[in-house]
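The primary structure of each chain is shown beneath.
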Amino acid sequence: QEQLVESGGGLVQAGGSLRLSCVASGRTFSRYNMGWFRQAPGKEREFVAVISWNGGNTLYTDSVKGRFTISRDNAKNTVYLQMNSLKFEDTAVYYCAAGSNWHTAPRLYDYWGQGTQVTVSS
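Quick notes on the rules
Residues numbered from 1 in each chain as written. Predicted model: local features only at pLDDT ≥ 70, side-chain atom pairs only at ≥ 80, totals over all residues. Heavy atoms only, no water. Helix = DSSP H or I, 4+ residues; strand = E, 2+ residues; numbered from the N terminus. Phe/Tyr/Trp six-rings, centres within 6.5 Å; stacked < 30°, edge-to-face > 60°. Lys NZ or Arg CZ within 6 Å of the ring centre and 35° of its normal. Pairing = 2+ DSSP bridges. Axes fitted to C-alpha atoms, helices over the stretch in contact; angles between N-to-C directions. Buried < 20%, exposed > 50% of the residue type's maximum accessible area, 1.4 Å probe, protein only.

Visitor: Could you give an account of unusual backbone geometry, naming the residues involved and the relevant values?
Guide: Even without being glycine, N77 reaches a positive phi, approximately 55 degrees. For N77, the location among the structural elements is in the loop between strand 7 (68–73) and strand 8 (78–83). In this model, S85 sits at a positive phi of 50 degrees, which is unusual for a non-glycine residue. In this structure, S85 sits in the loop between strand 8 and strand 9 (92–99).

Quick look at the structure:
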């Protein structure tokens, strides 16, 4: 079983950068694909990015391509989301999740963190 804890959120001006981290406490982190999702007020949770268990494959939602980079360090049980050129519409609570499936649907992920708030001022 994995417990996930996100950090790195905060308030940033449009055009700025943030790096989110998600640390897993279980012993099977390297077996899971790791995803980042976000949820803005009044909206459904949406897929942002996913990285395969070995870091060899990544997938991004169109709105963040070229601006966000997902990466992982299995030795540190950590997955990262580097967010550059942030826009007001990136404002949301960001969640990391661990899953056995390679998928973009939140319901197919097994473990979730508590979320970290990202606020982008325009």
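After that view, the rundown keeps rolling.
Visitor: Give a detailed account of the packing of aromatic side chains, specifying residues and quantitative values.
Guide: Applying the stated criterion to the full structure yields 6 aromatic pairs. Ring geometry for Y32 versus Y111: centroids 5.8 Å apart, planes at 90 degrees, classification edge-to-face. Separated by 79 residues along the polypeptide, Y32 in the loop between strand 3 (18–24) and strand 4 (33–39) and Y111 in strand 10 (residues 111–112) bring together distant segments of the chain. Measuring from centroid to centroid gives 5.0 Å for F37 and W112, while their planes differ by 55 degrees, and the two rings are tilted. On the criterion of sequence distance, the pair formed by F37 in strand 4 and W112 in strand 10 is long-range, its members being 75 residues apart. An aromatic cluster is present here, built from F37, F47, Y95, Y109 and W112 joined pairwise through their rings. For R45, the ring lying beneath its charged end belongs to Y95, and the centroid distance is 3.7 Å. In this structure, R72 packs its charged tip against the face of F29, placed 4.5 Å from the ring centre.

Visitor: Explain the sheet that holds strand 3 to me, and be specific about the residues and the numbers.
Guide: Spatial ordering of the open sheet is given by 1-3-8-7, a layout of 4 strands whose pairing is antiparallel. Two strands in the sheet have a free side with no partner beyond their single neighbour: strand 1 (4–7) and strand 7. For this sheet, the mean inter-axis angle between neighbouring strands, taken without regard to orientation, is 15 degrees.

Visitor: Talk me through the environment of F37; I want residue IDs and the actual numbers.
Guide: On the accessibility criterion, F37 (0% relative accessible area) is buried. Residues F37 and Y95, 58 residues apart in the sequence, show an inter-C-alpha distance of 5.1 Å.

Visitor: Run through the pairing of strand 9, naming residues and quoting values.
Guide: With 7 of its 8 residues buried, strand 9 lies for the most part within the structure. Pairing of strand 4 with strand 9, which is carried by 7 bridges, proceeds in the antiparallel orientation. Paired with W36 across the bridge in strand 9 is C96. Pairing of strand 9 with strand 11 (residues 116–121) involves 3 bridges; the strand directions are antiparallel. Residue pairing in the sheet places Y94 in a bridge with T116 of strand 11. Judged from the 2 bridges that link them, strand 9 and strand 10 form a sheet pairing that is antiparallel. Looking across to strand 10, one finds that A97 is bridged to W112.

Visitor: Residue-level account of the pairing of strand 5 (residues 46–51), with values.
Guide: With respect to burial, strand 5 is a largely interior element, 5 of its 6 residues being buried. One ladder, built from 5 bridges, connects strand 4 with strand 5; its direction is antiparallel. Following the sheet pairing, W36 is matched in strand 5 by A49. Hairpin geometry of strand 4 and strand 5 is characterised by an intervening segment of 6 residues between the two adjacent antiparallel strands and by a positive phi of about 80 degrees at G42. Pairing geometry for strand 5 and strand 6 (residues 58–60), over 3 bridges, is antiparallel. Bridging from a neighbouring strand, I51 pairs with T58 of strand 6.

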